[in-house]
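Fold and geometry: a report
Here's the letter readout for the chains.
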Amino acid sequence: MTDWIDIGTLADIPRRGARTVQIGGDKEIAVFRTGDDQVFALVNECPHKKGPLSQGIVHGHSVACPLHNWNIALKTGEAQGADSGCTPTIAVRQEGARIWIARPVAVQVAA
Amino acid sequence: MEFQDGLAPAAECEGDMLVPADDVREHLVVVGNGMAGCRAVEELLARDAGRYRVTIFGAEPYVNYNRIMLSPVLAGEKTFEQIVINDRAWYDDNSIELIAGDPVASIDRDAKCVTAQSGRTVHYDKLLIATGSDPFIIPVPGKDLPGVISFRDMKDVDAMLAAAEAGKAAGGGSAVVIGGGLLGLEAAHGLTLRGMKVTVIHLMDTLMERQLDEAAGWLLKSALEGRGQTILTGADTEAIYGDGKVEGVRLKDGREIPASLVVMAVGIRPSTALAREAGLEVNRGIKVDDHMVTSDPDVLAVGECVEHDGNVYGLVAPLWDMCRSLADGLTDQHSGYIGSVTSTKLKVAGLDVFSAGDFSGGEGCEDIVLRDASRGVYKRVIVKDDRIVGAVLYGDTVDGGWYFDMLKREENVADIRDLLIFGHAFASGGGALDPKAAVAALSDDAEICGCNGVSKGQVVSCIEAGNCSLDAVRATCKASASCGSCTGVVENLLAVVLGDDVKSGPKTMCKCTSFTHDDVRREIVAQNMRSIPEVMQLLHWSTPDGCSSCRPALNYHLLCALPGEYQDDQQSRFVNERMHANIQKDGTYSVVPRMWGGLTNPRELRAIADVVEKFNAPMVKVTGGQRLDIFGIKKEDLPAVWADLNAAGMVSGHAYGKSLRTVKTCVGSEWCRFGTQDSTGLGVKIERMTWGSWMPHKFKIAVSGCPRNCAEATIKDFGVVCVDSGYELHVGGNGGIHVRATDLLCKVATEQEAMDYCAAFTQLYREEARYLERTAPWIERVGVDYIKSRIVEDDAGREALRARFLYSQSFSQEDPWAERVAGAQADLHQPLAPIAIAAE
């Protein structure tokens, strides 16, 4: 069964932006809020050179990696266009304004 | 004159134009300077340019303009100049006499002459009536009150703009638009954008009921209400009330809606009075045969004023077909007009509505419907006997042209019926969207540009005739030259026809728009746009909130256009400009404090040394711009690092920004035995003046104290080389991938002049270069002579540029580090939740 963790409210994340959640070690989860107020969570690493996706420009339901401008789909973590690679996703649940993410152990954050 | 040499049959025609005695050509007189009249003449010129002497009468005091583009003018998306189809030069070049602002009052068919309102009389051999249509005014009390207008010509647009202005001055005006059809909704949209509170009164229960079915009409109504309009359907106007001018509209159910402007847009009627009085056969419209000839063989008629085979048309597309047949007839190559099937598009930004053919249903008609409520998409294709007879599309209209083309060709769709509703890409197999294949598959007579009536075949032959760029196609056959919504299709046609030979025109800003950087920037200023969403709305962005290319560009262009007013959008900035530090490959940041002119002191050096130790920075390095770069700082530590540096008097060096970076200097006359001027001092002054300014790209300055040029001023964006007699100013240098030495701009005598020219040049670059274009490619593009004409030769212009730069600077010289240290946007540096989840 999924173990949900309360990480805050929608207002804590800038629209078309992201915040991070630290999960021990040097791993982070990036929690994104899109222009239409949907929330997605990915491991905060681009599949290309591990760029911190949380620092990228969020547009539509994608984020452009700040290092080399790869576009990553927020829903699937897949690199878009000619690039290929995939960032692990983390399940998100929204209840009212509160946001919950699935406990990362369940999604196998690869070391 | 013509009638005096015996060619004219009657002598009553006085005041005929001065005609060269040897011009014996037949005289074609056109009544109506609108889209139909001029298009007919264009078609005629294209077939046999010299055959007729042409005179055109126009009721309005303008050259020929695109009436269907009045809505974008009202909405502020176009200027009048941009919707002119044929300017004065066209009339002059083709020796066409234009009599504008003097409507024809009567036709004497026996004498073969027309008399205008002014009394001017002109003889004709062939007469073409293209009087178009008149707005229908519903006969209610108060219809003649000042403030009640229609929406038909430039005068009406001017009246609406004046009402909006007056409303603004009074703290918000109200308007009522009577009529929820195409025209009424476009008027309502424009007035809403102009700041008026708009109520639309529509007699029927469904908006645009002639083009849309109930479902699409409802979607449209909700969308318009979401934009702040009040839509009253099933509402019958009883009277327009007011004392001496409009004060409001009263409905039959007793409701009263106050308004200072009432726009009647309930429909149009063919304008036939002139023809009727001349004794021509008139029914609903002026009756014409397949060659657009009226009941008098020397009188032709074309456009919305005619009735052909029992049909009258109020849309633009049939007009192109009519004009072709007419011109064929006038040049003895009779082809014949067979009537038109019409399609409609609503020109309201962000609302995609398309309809074509018959969707009323009926015996044997089958509906294929797709609804996607969350995307706001509704598609309905009506099929009868395996052929498409109608289509209504809302929210996603890309396949409108494809359905319409099949409808017109009466193509059998039995084989693709299962996939029909999913659009062209799916139905043609594959599912992968290849827009090139889609346009390649269109038939030659498929309409590409609705505004100018240009078919695929015409675009293709235009390209094959050597017009190998978008601009050339626009200039030659006018496709995509008006509203621009078909630009993508035209570009694909270029790619299909030319393969790899496409001369890519000016590149579009990004895939989200068909506009170039220059277009976007011009429109931002022209339309006084104030936010990124507004730009995307008005310029028909194709994505909901842009992409990582256009958002930073729009943010910059707005910031540049509206200094002090525009609210910077942090989410549209590259990470470096958002974090005020340079991201490194491991996700940490490097920090570069400003060292004015490359000068430093023990206090600053000590503070830097302390920061390096305190935050365990693994490396510190002297940069090429004469300052120190501290590496390996975590984003969480940035505010603390900045606080320590601020405490020693240092501010952000903007080493991360599309902005002024450094001013590199040599030691100059104060120390150097060769120095001619105080290059260090001047460098510091220039850096104090220019720091903090956002630019299209990074911008570097250097000041060298003598021609030995130790500061390498001749590979900088702006370089000063001091000489005995003053200061040489250099521009457009670059030491990057493509090394480019500067161009000499000019030489000035004083330090103050060097500063003034620097400010003016910087501002010119800020205002005119494309985003992410360094000064070197910009100058190669516009030419150094252009830069000189603006900066050196135009004293007043230079002063104005300098003043604008300094004004802009008065808002941008706050240290961004200090703001963050004080607590601004602290969340950017902190993780979201104070929880630690042990990873297993």
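Residues numbered from 1 in each chain as written. Chains lettered and ligands numbered in written order. Predicted model: local features only at pLDDT ≥ 70, side-chain atom pairs only at ≥ 80, totals over all residues.

Notes on the overall build of chain B
- In terms of regular secondary structure, chain B is built from 28 helices and 38 strands.
- Residue pairs at least 24 apart in sequence account for 63% of intrachain contacts in chain B once pairs closer than 6 positions are excluded. (Helix = DSSP H or I, 4+ residues; strand = E, 2+ residues; numbered from the N terminus. Contact = placed C-beta atoms within 7 Å.)

Looking at the interface of chain B and chain A
- Counting residues at the interface gives 23 residues for chain B and 35 residues for chain A.
- Looking at the side of chain B that touches chain A, its residues break down into 12 nonpolar, six polar and five charged. (Nonpolar A, V, L, I, M, F, W, Y, C, P; charged D, E, K, R; others polar.)

Overview of the sheet that holds strand β37 (residues 726-731) of chain B
Residue and element names in this part refer to chain B.
- One open sheet holds the five strands; their spatial order is β34-β35-β36-β37-β38, and the pairing between them is mixed. Each end of this open sheet is capped by a strand with a single partner; those strands are β34 (660-665) and β38 (743-748). The average undirected angle you get between the axes of adjacent strands in this sheet is 15°.
- Bridging between strand β35 (residues 699-704) and strand β36 (residues 718-723) involves four bridges; their strand directions are parallel. Across the sheet, the residue bridging to Val703 is Val720, located in β36. (Pairing = 2+ DSSP bridges. Axes fitted to C-alpha atoms, helices over the stretch in contact; angles between N-to-C directions.)

Things to note about the nonpolar core
All names here are of chain B.
- Within the largest apolar cluster, 141 residues are counted, with the highest numbers of intra-cluster contacts made by Val263, Ala301 and Val302.
- Once you skip the residues sitting within four places of it in the chain, Val263 turns out to touch Ile149, Phe151, Met160, Ala175, Val177, Ile178 and Ala187.
- Counting 61 residues, the second largest nonpolar core, distinct from the first, contains Ala711, Val720, Phe761 and Ile791. (Core = buried A, V, L, I, M, F, W, Y, C linked by C-beta atoms within 7 Å. Buried ≥ 20, exposed ≤ 12 C-beta atoms within 10 Å, placed from the backbone.)

A short note on the confidence of the model for chain A
- Taken residue by residue, chain A gives an average pLDDT of 86. The fraction at 70 or more is 91%.
- Below a pLDDT of 50 lies the segment residues 106-111 of chain A, which in the model reaches 12 contacts outside its immediate sequence neighbourhood of four places, other chains included. (pLDDT = per-residue confidence, 0-100.)

A closer look at the environment of Gly60 of chain A
- In this structure, Gly60 of chain A sits in the loop between β5 (57-59) and β6 (62-64).
- Taking the C-alpha atoms as reference points, Gly60 of chain A and Thr34 of chain A, separated by 26 residues in sequence, lie 6.7 Å from one another.
- Once you skip the residues sitting within four places of it in the chain, Gly60 of chain A turns out to touch Thr543, Pro544 and Asp545 of chain B.

Here we look at the packing of helix α1 (residues 35-48) of chain B against helix α9 (residues 317-330) of chain B
All names here are of chain B.
- Following both chains from N to C, one finds α1 and α9 inclined at 45°, their axes separated by 8 Å at the closest point. The orientation of α1 relative to α9 falls into the category oblique. Between α1 and α9 the crossing geometry is right-handed. Every residue of α9 that contacts α1 at Met35, Ala36, Arg39, Ala40, Glu43, Leu44 and Arg47 is listed here: Leu319, Trp320, Cys323, Arg324, Leu326, Ala327 and Leu330.
- Residues of the contact of α1 with α9, tallied by class, amount to 10 nonpolar, no polar and four charged. (Parallel < 35°, antiparallel > 145°, perpendicular 65-115°, else oblique. Left-handed = near helix turned anticlockwise from the far one by under 90°.)

Notes on the packing of helix α17 (residues 517-526) of chain B against helix α19 (residues 550-561) of chain B
Residues and elements named next belong to chain B.
- Two elements in contact, α17 and α19, have axes whose closest approach is 10 Å; the angle formed by their N-to-C orientations is 40°. Comparing their axes, α19 and α17 come out oblique. Crossing of α17 against α19: the hand is right-handed. Facing His517, Val520, Arg521, Ile524 and Val525 of α17, the residues of α19 in contact are Ala553, His557, Leu558 and Ala561.
- By residue class, the composition of the contact of α17 with α19 is six nonpolar, two polar and one charged.

Quick notes on the environment of Lys345 of chain B
Residue and element names in this part refer to chain B.
- Locating Lys345 in the fold gives a position in strand β23 (residues 343-345).
- On the basis of neighbour count, Lys345 is assigned to the buried category, with 21 C-beta atoms found within 10 Å.
- Between the C-alpha atom of Lys345 and that of Gly450, which follows or precedes it by 105 residues, the distance is 8.9 Å.
- Each residue touching Lys345, except ones within four places of it in the same chain, is listed here: Val353, Phe354 and Gly450.

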